[in-house]
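Okay, here's what each chain looks like letter by letter:
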Amino acid sequence: MTEAAPMLDVRDLQMHFPVGGGLLDRLRLDRSGLHLDRPTVHAVNGVSFSIDHGEIMALVGESGCGKSTVAKTIARIYTPTGGQIRIEGEDVAGYGFAEMLPVRAKMQMIFQDPYASLNPRQKVRDIVAEPLLEQTSTPQARREVPAQIEALLARVGLNAEHAGRYPHQFSGGQRQRIGIARALSVRPGLIVADEPVSALDVSIQAQILNLMKDLRDEFGLAYLFISHDLSVVHHIADKVGVMYLGFMVETAPRDVLFARPRHPYTRALLSAAPSIKEDRSTEEIVLSGEVPSALDLPSGCCFRTRCPFAWERCARERPALQDVGDGQTLACHLVDEPERDSTWQ
Amino acid sequence: MRDDSKTPLLAVRDLHTYFHTFAGTVKAVNGVSFEIGQGEVMGLVGESGGGKSVVGFSILGLIDSPGRIEAGEILLHGQDLVTAGEARLREIRGREISMVFQDPMTSLNPLHSVGRQMDEVLRLHSDLDAGARQKACVEMLESVGISRAAERLKAYPHQFSGGMRQRVVIAIAMLAGPRLIIADEPTTALDVTIQSQILKLMRRQIAETGASMILITHDLAVVSEMADHITVLYCGNVVERGRTRDLIANPAHPYTRGLIDSIPDTTHRQDRLRQIPGSVPDIRNLPRGCNFRDRCPRAQTLCAEQEPALTQQHGSLWAACHFPLAPGETA
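Throughout what follows, the structure given in this document is the object of discussion. What you see is a predicted model; the values in this text were computed from it and never measured. (Residues numbered from 1 in each chain as written. Chains lettered and ligands numbered in written order. Predicted model: local features only at pLDDT ≥ 70, side-chain atom pairs only at ≥ 80, totals over all residues. Heavy atoms only, no water.)

### Remarks on the pattern of salt bridges
So, point 1. Under the definition given, this model contains 36 salt bridges over all chains.
So, point 2. Between R340 of chain A and E337 of chain A there is a salt bridge, with its nearest N and O atoms 2.8 Å apart.
So, point 3. We classify R340 of chain A as partly exposed; its relative accessible area is 41%.
So, point 4. R295 of chain B is the salt-bridge partner of E47 of chain B, the closest N and O atoms lying 3.8 Å from each other. Taken together, the residues span a long stretch of sequence, with E47 of chain B in the loop between strand 3 (41-45) and helix 1 (52-59) and R295 of chain B in the loop between helix 11 (254-262) and helix 12 (301-305) at a distance of 248 residues. Accessibility assignment for this pair places E47 of chain B and R295 of chain B in one class, buried.
So, point 5. Each member of the salt-bridge network shares a partner with another, and the members are R313, E317, D336, E337 and R340 of chain A. (Salt bridge = Lys/Arg side-chain N within 4 Å of Asp/Glu carboxyl O. Buried < 20%, exposed > 50% of the residue type's maximum accessible area, 1.4 Å probe, protein only. Helix = DSSP H or I, 4+ residues; strand = E, 2+ residues; numbered from the N terminus.)

Right, here's the structure in full:
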């Protein structure tokens, strides 16, 4: 581990899930004999990115694009099928449960559903203390835990009397604060946040986003922030990765991405988002159809079945992510043949 | 925008819908009034617990025990639906007023084919014979953008994706040519590119048929792109209403202002969002005076003593606030 290593460096991450019911469902008979099908969901297909200390990276995309699977694989809830996950230079992709324990002091997770992610039978103080107790071994350190918990709860905007209550006594926004306190308890460098504000009302969402930003400034946290909401991403992220069908199609610093999105999917996503602003400057790309199944990926470019610009090369050849300057990377054949799109910037 | 002097298609007057639970009476809708003219789209906006869905259910007479409409009138073409019998309500549901629900998976019956569920509407509400009904179903499915419609009629809901299912639900809602469609969070369960397809579809269907719509949603951005008028609910009360552009640009009620400011702005950088402090009060035990006063930056002693009434403000706005915002003023 060196000083220069980024907080998180993900290389060629792959996560495939085998599916398909019983033996009889999967048996296939053809001319060459009897076969056993092995249907696989290609949830994540070679995703790479890195996050520096104190940096917020957002992953956006629609349902089924693999963004939550990336988060859960990095948090090692899943064991990746392939690729590397380096936390401060240390590859944890193949680690077992015991090996992960010290890593969890550096990386914690916040979940989408504040109702399902807290144990209803535990008091708030026990929920928040659990990761910390896992990381402390000496009796003396354990004696300090209650005082630390109290300080943490105060920091996320809850008070000492809340510590003795159960999760059902709190509103959604307060529960998300409990989840944040639990993640913060071990003083991690990286927090993986999977849609942390999606289940909250907009006025509460603003409170939680402000809190997460304040905590980043105070503790120098890095976030991997998963969201489907572009306005939330624009508010919180330093850089953004756009995913589609398990592939990263574009990455860029936040301001570059919102000012000059280049991948046809990113442009469609930005123009489809409703806005309370009266004037809309972006010309709209309307997508027809829906996302193809991850069981049966299209050949070539993953987006070609819905792309208004697709031509035969897109079916033949899968575009690789390439650097197009300004810290922007893009996986699209239009980079080589921009004349096919009159709106190309 | 329509002429206000015409009799409105639907007028809701001082509606009170309460739920009598063991833990106390939940005043989910507590004196809500609004009107919708022919061909108008009204957005009903608010956060969870605002009472917006209960308003929609009340109009269709879908409030079950322990809930009850305690007072108020719901006038469709001047006829009161609160006192109308179940037989009359059955005639109205689907034919004159239809509903699109949030979750297309649970609002379709998984055991019946889409064709059968569409056919049911026409069997109940038209005198067409089987062949004509089939033809009408195919045409309706095609008009909501489902290809190979004749074939897809035989398919079951699980064979459609979320966006396609919501198209089917919209097709069913439009089938009997209703005058009013109540859409309760119609795109909340959908992805943003699919949401934009469905919103376009609903806008086109409304323009073609001249129907009116109540769009119930928590999403101000969606409502600002769809609605002619907006009514904002908080704890079962109307806190503000007016024309969409007036209300979004210069709201008079601090709650509306707070909701708008809570939405992150993608056109320029803000360090912090302006947030509304606290959370919605327990609706079984509302504070005296103004329901919003505990979270309001402008609250004074008068707000704790007296409940504010809806009064006319600048432009087309009406707000229930003792200390409303002037145009351009921030909370």
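### Remarks on the pairing of strand 3 (residues 33-36) of chain A
Residue and element names in this part refer to chain A.
So, point 1. The pairing of strand 2 (residues 27-30) with strand 3 spans four bridges and is antiparallel. Its bridge partner being in strand 3, D30 is matched across the sheet by G33.
So, point 2. In textbook terms, the turn of a hairpin is the stretch between consecutive antiparallel strands, and for strand 2 and strand 3 this stretch comprises two residues. (Pairing = 2+ DSSP bridges.)

### What to know about the interface of chain A and chain B
So, point 1. Facing the 38 residues of chain A at the interface are 41 residues of chain B.
So, point 2. A combined buried area of about 3300 Å² lies between chain A and chain B, and 51% of that area is made up of carbon and sulfur atoms.
So, point 3. Our count for the chain A to chain B interface comes out at one salt bridge.
So, point 4. Taking the shortest distance from any N to any O, the salt bridge between D214 of chain A and R272 of chain B comes out at 2.7 Å.
So, point 5. Counting across the interface, chain A meets chain B through 15 residue pairs in polar contact (both at pLDDT 80 or more).
So, point 6. Breaking the side of chain A that touches chain B down by element, the ones donating at least two residues are helix 8 (202-219), helix 9 (230-236), helix 10 (254-259) and helix 11 (264-272) of chain A.
So, point 7. Per element, the largest residue contribution to the side of chain A that touches chain B is ten residues, and it comes from helix 8 of chain A. (Contact = heavy atoms within 4.5 Å. Buried area = accessible area lost by both parts, 1.4 Å probe. Polar contact = N/O pair within 3.5 Å; in protein donor to acceptor, adjacent residues only side chain to side chain.)

### Considering helix 6 (residues 145-155) of chain A
Residues and elements named next belong to chain A.
So, point 1. Restricting attention to buried positions, one finds in helix 6 the residues V145, I149, L152 and L153. Down the axis, helix 6 shows its buried residues gathered within 95° of arc, on one side only. In helix 6, the exposed residues that point more than 90 degrees away from the buried face are A147 and A154.
So, point 2. Looking at the buried side of helix 6, the elements it contacts are helix 4 (124-135), helix 5 (139-143) and helix 7 (172-184).
So, point 3. At the C-terminal side of helix 6, G157 shows a positive phi close to 90°. (Arc of directions from axis to C-beta.)

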